[in-house]
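Coordinates in review
This is what each chain is made of:
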Amino acid sequence: MSLNQTMKALSDPTRRAILNYLKEGTLSAGEIADKFDMTAATISHHLSILKKADLITEKREKNFKYYSLNASVLEEVFLWISALKGDE
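Before going into details, it helps to say that this report is about the structure given with it.

What follows is about the nonpolar core. The biggest cluster of nonpolar side chains holds 19 residues, and the ones touching the most others in it are Ile18, Leu22, Ile32, Leu47, Leu50, Leu55 and Ile56. Elements with a contribution of two residues or more to this core: helix 1 (3-10), helix 2 (13-22), helix 3 (29-34), helix 4 (40-52) and helix 5 (71-85). Each residue touching Leu22, except ones within four places of it in the same chain, is listed here: Leu27, Ile32, Ile56, Tyr67, Ser68 and Leu69.

This paragraph deals with helix 5. Relative to the 21 Å expected for 15 residues at 1.5 Å per residue, helix 5 spans 21 Å between its end C-alpha atoms, a close match to the ideal helical length. Within helix 5, burial applies to Val73, Leu74 and Val77. The buried residues of helix 5 all sit within an arc of 100 degrees when viewed along its axis, so they share a single face. Of the exposed residues in helix 5, the ones pointing more than 90 degrees away from its buried face are Phe78 and Leu79. Close packing links the buried residues of helix 5 with helix 1 and strand 3 (64-69). Positive backbone phi, approximately 85 degrees, marks Gly86, located one or two places after helix 5.

Here we come to the packing of helix 2 against helix 4. As a packed pair, helix 2 and helix 4 sit with axes 10 Å apart at the nearest point and diverge in direction by 75 degrees. Classified by the interaxial angle, the pair formed by helix 2 and helix 4 is roughly perpendicular. Residues Thr14, Arg15, Ile18 and Leu19 of helix 2 lie in contact with helix 4, whose contacting residues are His46, Leu47, Ile49 and Leu50. Partitioning the contact of helix 2 with helix 4 into residue classes produces five nonpolar, two polar and one charged.

So, on to the sheet that holds strand 3. Overall, antiparallel pairing links the three strands, which are arranged 1-3-2 in an open sheet. Each of the sheet's edge strands pairs with one partner strand only, and the pair in question is strand 1 (27-28) and strand 2 (56-61). Running over the sheet, helix 4 touches strand 2 and strand 3 and is turned about 115 degrees from strand 2.

Okay, the pairing of strand 3 next. Here two bridges tie strand 1 to strand 3, and the two strands are oriented antiparallel to one another. Bridge pairing in strand 3 places Leu27 opposite Tyr67. Looking at chain direction, strand 2 and strand 3 are connected through six bridges and run antiparallel. Counterpart to Arg60 in the pairing with strand 3 is Lys65. What sits between strand 2 and strand 3 in their antiparallel hairpin is a turn of two residues, with Lys62 showing a positive phi close to 55 degrees.

What counts and what doesn't
Starting from 1, residues in each chain are numbered consecutively following that chain's sequence as written. pLDDT decides what is reported in this predicted model: residues at 70 or higher carry local features, side-chain atom pairs at 80 or more are listed and counted, and totals for whole chains, interfaces and linings draw on all residues regardless. Working from all heavy atoms in the structure, the side-chain values ignore hydrogens and water. We define a nonpolar core as any set of buried Ala, Val, Leu, Ile, Met, Phe, Trp, Tyr and Cys residues linked to one another through side-chain atoms lying within 4.5 Å. Buried residues are those whose accessible area, probed at 1.4 Å on protein chains only, stays under 20% of the maximum for their type, while exposed residues exceed 50% and partly exposed ones sit between those limits. The way it works is that DSSP assigns letters per residue, a run of H or I at least four long becomes a helix, a run of E at least two long becomes a strand, and they are numbered from the N terminus. Here a residue-residue contact requires only that any non-hydrogen atoms of the pair lie within 4.5 Å. Take the residue count of a helix, subtract one, and multiply by 1.5 Å to get its expected span. Directions from the helix axis toward the C-beta atoms define the arc. The convention used is that axes are lines fitted to C-alpha atoms, helices contributing only their stretch in contact, and that angles between N-to-C directions extend from 0 to 180 degrees. An angle below 35 degrees is read as roughly parallel, one above 145 as roughly antiparallel, one from 65 to 115 as roughly perpendicular, and any other as oblique. For this classification, Asp, Glu, Lys and Arg are treated as charged, while Ala, Val, Leu, Ile, Met, Phe, Trp, Tyr, Cys and Pro are nonpolar and the rest, including Gly, are polar. Here the rule is simple: two strands pair whenever DSSP picks up at least two bridges between them.

Put into C-alpha cells, the structure is as follows:
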C-alpha cells in the first residue's frame, strides 16, 4: 500500500480515533458507529478509507462486518519515520 494513502488515512482525527478503539480488539461496524455522533454512512466512509490504506481488516460473519487493526502497516510507517530521524 502506498505511504500517501496511509498518511491520508491517518490525517483525520475520526479515523485515528477508530484505530485507537480497534487497538483494544475487534469491533463490529455497529459498535464502532455507536462510539461517534455521526451517521452510519459517515463511519462507513471512514472505515473504507482505513481499509484502502490497509490499516484495518474486515471480516464478514452472517449480516455483520467486523474490523481489526492491521499493525503491520503502522510498523512500516514507524520504520519510515525512524529512517527520517536517522535512527536506522
